[in-house]
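Structure at a glance
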Amino acid sequence: MYCITELTLENVYIIPHGDEIIDRPNRESNQLFNAIKKLTSGDQSETLLVLSPHGLRLSSSVAIINTEFLSADLELKTQRITRKYNTDRRVAQDLIGSDDFTQEVSFITSSGPLSVFPLDFGSIIPLHFFHQENVVSIGQPRIWDKQRLQKFGRNLARTVEDSDRKISVIISADQAHTHEASGPYGFAEESAPYEKLIEECVKNSNLSPLLDLSENFVDMAKPDSYWNMLILKGIMDETGLRSVMDYHYIEVYFGMLLGHLE
C-alpha cells in the first residue's frame with residue numbers, strides 16, 4: 001500500500017484521536033472506526049512513527065522519546081486499552097541526529113525494564129488499530145515557524161527513506177474544536193472555515209493554503225492538527241506523495257478527519 005520504496009516509507013496516515021472512535025456512540029463514529037480499520041489492516045511496516053499533539057511538548061524543539069519501552073493505559077467509556085511497545089531505538093536515534101530541531105527525551109533510566117515512557121491518548125487511540133510492537137513517539141512542536149515545521153517534515157521523510165526498516169508514519173490530529181458553544185472551548189466562527197479548508201486541502205492534495213492562516217485565526221478555531229499538518233506538508237513536498245481523504249465528520253464540537261498519502 002502506498003509505498004515509495006520496498007524498504008522504507010510504507011504508509012503515511014492522518015488519524016484522529018477522539019475517544020468516540022473507540023466507544024462508537026453514533027453512526028458517524030462507527031463509520032470512522034470501520035474506515036480506519038479498513039485503511040490500516042494491510043499495513044506491513046516494521047515500525048510506526050506517531051506524531052501526537054498531546055505527547056511531550058517542548059518549547060522550541062521536537063521531542064523524540066528514546067526510552068526502551070512505551071506504555072499505553074487509557075480508560076474509555078466502553079473499554080480500557082493497555083499495551084506495551086518497544087521503542088525502535090535505531091530509528092529514534094536516526095531522527096534525533098537528522099535535524100537540530102529535535103531533542104532526545106529519556107525517562108527514569110536509559111535502558112532496562114524501568115525505561116518506560118507513558119503514551120498519551122493522541123498516540124494510544126491511533127496505535128490501537130495496528131499490530132506492530134515497534135514504535136517511535138514524537139511530540140508535536142507548537143511553534144509559529146511554518147517553514148521550520150515543513151523542514152522537519154522533509155528531514156523526517158529523508159530519514160525514513162534512508163532507513164533499513166519498513167516504516168509507517170501516523171499524523172495524529174483532530175481538527176477545529178470550537179464548533180459548538182456547549183463544548184469545552186465554546187463557539188468560534190473560525191471553526192467552520194478552518195474545517196472546510198482542511199477538508200479541501202486534503203481532498204485537493206494541496207496543503208499550501210494552510211500557510212496563509214494567521215496565528216489568531218488558528219487560535220480561535222483551536223485545532224490540534226495545524227502544526228502536524230505543516231509537518232505533513234513537508235513530508236509530501238519531499239516524497240511527492242498525494243493526500244487522499246477517507247472520512248470526515250464533526251463530533252459535536254470538534255472535527256475528525258481520516259486520510260492517507262499515496
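Keep in mind that this is a model prediction, so the values were computed, not measured. (Residues numbered from 1 in each chain as written. Predicted model: local features only at pLDDT ≥ 70, side-chain atom pairs only at ≥ 80, totals over all residues. Heavy atoms only, no water.)

Considerations on the confidence of the model for the protein chain
Within the protein chain, residue pLDDT values average 95, and 97% of them lie at 70 or more. Predicted confidence is poor over residues 1-7, with pLDDT under 50, and the contacts of this stretch with residues over four places away or in other chains come to 22 contacts. (pLDDT = per-residue confidence, 0-100. Contact = heavy atoms within 4.5 Å.)

What to know about the packing of helix α5 (residues 146-162) against helix α8 (residues 226-239)
One can describe the packing of α5 onto α8 by two numbers: an axis separation of 7 Å at closest approach and a directional angle of 50°. Considering their axes alone, α5 and α8 lie oblique with respect to each other. Here α5 runs over α8; the crossing is right-handed. Here α5 contributes K146, L149, Q150, F152, G153, R154, L156, A157, R158 and E161 to the contact with α8, which in turn contributes Y226, W227, L230, I231, K233, G234, I235, D237, E238 and T239. Among the residues making up the contact of α5 with α8, the classes are represented as 9 nonpolar, 4 polar and 7 charged. (Axes fitted to C-alpha atoms, helices over the stretch in contact; angles between N-to-C directions. Helix = DSSP H or I, 4+ residues; strand = E, 2+ residues; numbered from the N terminus. Parallel < 35°, antiparallel > 145°, perpendicular 65-115°, else oblique. Left-handed = near helix turned anticlockwise from the far one by under 90°. Nonpolar A, V, L, I, M, F, W, Y, C, P; charged D, E, K, R; others polar.)

Structural notes on a nonpolar patch on the surface
Taken together, the side chains of F107, I108 and L114 make up a nonpolar region of the molecular surface, amounting to roughly 320 Å² of accessible area. Considering the arrangement of structural elements, one finds F107 in the loop between β6 (102-105) and β7 (116-118). Since its relative accessible area comes to 36%, F107 is described here as partly exposed. (Patch = residues over 30% accessible without salt bridge, like charges linked within 9 Å, V, L, I, M, F, W, Y side chains within 5 Å. Areas by Shrake-Rupley, 256 points an atom, 1.4 Å probe, with all protein chains shown as cover. Salt bridge = Lys/Arg side-chain N within 4 Å of Asp/Glu carboxyl O. Buried < 20%, exposed > 50% of the residue type's maximum accessible area, 1.4 Å probe, protein only.)

A few points about the packing of helix α3 (residues 89-98) against α5
With their axes 10 Å apart at the nearest point, α3 and α5 run at an angle of 140° to one another. One way to sum up the angle between α3 and α5 is to call them oblique. Here the hand of the crossing between α3 and α5 comes out right-handed. Contacts between α3 and α5 involve D94, L95 and S98 from the first element and N155, L156 and T159 from the second. Class assignment of the residues belonging to the contact of α3 with α5 gives a composition of 2 nonpolar, 3 polar and 1 charged.

Remarks on the side chain of S163
Topologically, S163 is positioned in the loop between α5 and β9 (167-172). Using a relative accessible area of 11% as the deciding quantity, one classes S163 as buried. Within the local environment of S163, its side chain forms a polar contact with the backbone nitrogen of R165, the two atoms lying 3.0 Å apart. (Polar contact = N/O pair within 3.5 Å; in protein donor to acceptor, adjacent residues only side chain to side chain.)

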